[in-house]
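Observations on chain architecture
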Amino acid sequence: MRKIEHIGIAVQDLEESNALFAKLLGKKHFKTEKVEGEAVETSFFQVGETKVELLQATNPNSAIAKYLEKKKPGVHHIAFDVENIEAEVERLKGEGFEILNETPKQGADNKLVVFLHPRTTNGVLVELCQEISVNSK
Ligand SMILES: CC[C@H](C(=O)O)C(=O)SCCNC(=O)CCNC(=O)[C@H](O)C(C)(C)COP(=O)(O)OP(=O)(O)OC[C@H]1O[C@@H](n2cnc3c(N)ncnc32)[C@H](O)[C@@H]1OP(=O)(O)O
Ligand SMILES: [Co+2]
């Protein structure tokens, strides 16, 4: 794990939360992006070397929608930047962590992502992110 890539925050209304976090952080988000595969719309704020990712569900089947059926808006996950996501998945499997999607999937902000089940990570939903480099496209 090289650094915290982002903190994911589940929100009900992206526009409203964008305005709130712009006030809080003293800067506007640098991008919004829909991730069809996750049925989310995201918005990113750069904070030093890490980011805040706001997530709104785009349909009721979204993991964010399901989360908000049971819990209040708030911190949803923590994402770590990794150099080699496949190698990290193998390492973490060996350490007994439960991998939710062994095959990395398309994330936001030009990343491949994997999630670990919170029941094996002390109750924290963990995301691994690997930058998709230009020559690997
Ligand atoms: C990829 C785009 C973007 C990016 O950064 O690039 C994203 O970050 S997308 C983020 C949204 N997508 C995901 O979160 C995908 C991974 N998540 C899942 O597969 C599910 O949400 C899962 C398995 C974590 C929970 O599924 P579900 O809600 O259907 O199950 P339960 O409600 O039964 O929960 C089981 C158990 O886990 C606890 N839980 C659920 N969500 C969280 C959470 N975010 N943080 C911590 N704990 C969580 C829940 O409370 C249940 O615990 P229990 O003790 O059994 O009550
Ligand atoms: Co994320």
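Residues numbered from 1 in each chain as written. Chains lettered and ligands numbered in written order. Predicted model: local features only at pLDDT ≥ 70, side-chain atom pairs only at ≥ 80, totals over all residues. Heavy atoms only, no water.

In the annotation of an unreviewed UniProt entry, the protein is listed under the name Methylmalonyl-CoA epimerase and assigned to Algoriphagus zhangzhouensis. Word for word, the UniProt comment on the protein under Sequence similarities (unreviewed entry) is "Belongs to the methylmalonyl-CoA epimerase family." (UniProt positions renumbered as here; feature names shortened; annotations may be inferred.)

1. Comments concerning the coordination of the cobalt ion (ligand 2)
Octahedral metals with six donors have ideal donor angles of 90 or 180 degrees. Tetrahedral metals with four donors have an ideal donor angle of 109.5 degrees. Note on the cobalt ion (ligand 2): its protein donors are His 6 (NE2), Glu 53 (OE), His 77 (NE2) and Glu 127 (OE). The metal-donor distances range over 2.1 to 2.4 Å. Spacing between the donor residues of the cobalt ion (ligand 2) along their common chain follows H-x46-E-x23-H-x49-E. With a gap of 121 residues between them, His 6 in strand E1 (residues 3-10) and Glu 127 in strand E8 (residues 126-131) connect regions that are remote in the sequence. Judged by relative accessible area, His 6 falls into the buried class, the value being 3%. Among the residues examined, Glu 127 registers a relative accessible area of 5% and is labelled buried. (Donors = N, O, S within 2.8 Å, 3.2 Å for Na, K, Ca; no water. Helix = DSSP H or I, 4+ residues; strand = E, 2+ residues; numbered from the N terminus. Buried < 20%, exposed > 50% of the residue type's maximum accessible area, 1.4 Å probe, protein only.)

2. Description of the pattern of salt bridges
Counted under the stated rule, the structure contains 13 salt bridges. Here Lys 51 ties to Glu 5 by a salt bridge, and the two come within 2.6 Å at their closest N and O atoms. In this pair, Lys 51 is assigned in strand E4 (residues 50-57) and Glu 5 in strand E1, connecting sequence segments 46 residues apart. Of the residues examined, Glu 5 reaches a relative accessible area of 3% and is grouped as buried. For Glu 88, the salt bridge identified is with Arg 91, shortest N-O distance 2.6 Å. Linking Glu 88 with Arg 91, this pair stays in helix H3 (residues 85-94), spanning 3 residues, or about one helical turn. Here the salt bridges share partners, and the residues they tie into one network are Glu 5, Lys 31, Glu 33, Lys 51, Asp 109, Lys 111 and Glu 131. (Salt bridge = Lys/Arg side-chain N within 4 Å of Asp/Glu carboxyl O.)

3. Here's the deal with the site of ligand 1
If you check the shell around ligand 1, you find 20 residues, and the closest are Glu 38, Glu 53, Lys 70, Ala 108 and Glu 127. Within the side chain of Glu 127, a nitrogen or oxygen atom sits 2.8 Å from an oxygen atom of ligand 1. Taking 1,100 Å² as the accessible area of ligand 1 by itself, protein coverage stands at 69%. For ligand 1, the cavity whose grid points lie within 2 Å of the majority of its atoms is the largest pocket. Elements with a minimum of two residues in the shell around ligand 1: E4, helix H2 (63-70), strand E5 (74-81) and strand E7 (111-116). By residue number, the principal contributor to the shell around ligand 1 is H2, which donates 3 residues. Looking at the shell around ligand 1, its residues break down into 9 nonpolar, 6 polar and 5 charged. (Near = heavy atom within 4 Å. Polar contact = N/O pair within 3.5 Å; in protein donor to acceptor, adjacent residues only side chain to side chain. Areas by Shrake-Rupley, 256 points an atom, 1.4 Å probe, with all protein chains shown as cover. 1 Å grid on protein atoms, 1.4 Å probe; cavity = no way out; pocket = protein on both sides within 12 Å on 5 of 7 lines; lining within 4 Å. Sits in = over half its atoms within 2 Å of the grid points. Nonpolar A, V, L, I, M, F, W, Y, C, P; charged D, E, K, R; others polar.)

4. Things to note about the layout of surface pockets
The method is simple in principle: a probe with the dimensions of a water molecule rolls over the atoms, and the space it marks as empty is what remains. Its boundaries defined by the atoms lining it, the largest pocket holds a volume of some 700 Å³. If you list the elements that add at least two residues to the lining of the largest pocket, you get strand E3 (40-47), E4, H2, E5 and E7. By residue number, the principal contributor to the lining of the largest pocket is H2, which donates 5 residues. Of the residues assigned to the lining of the largest pocket, the class counts are 15 nonpolar, 7 polar and 7 charged. (Points joined across faces, edges and corners; volume = space filled by probe spheres on them.)

5. Considerations on the environment of Phe 97
Take Phe 97: it is sitting in the loop between H3 and strand E6 (105-106). Measuring from C-alpha to C-alpha, the distance between Phe 97 and His 117 comes to 7.6 Å, with 20 residues separating the pair along the chain. Contacts of Phe 97, omitting those with residues within four sequence positions, involve Leu 92, Leu 116, Thr 120 and Thr 121. (Contact = heavy atoms within 4.5 Å.)

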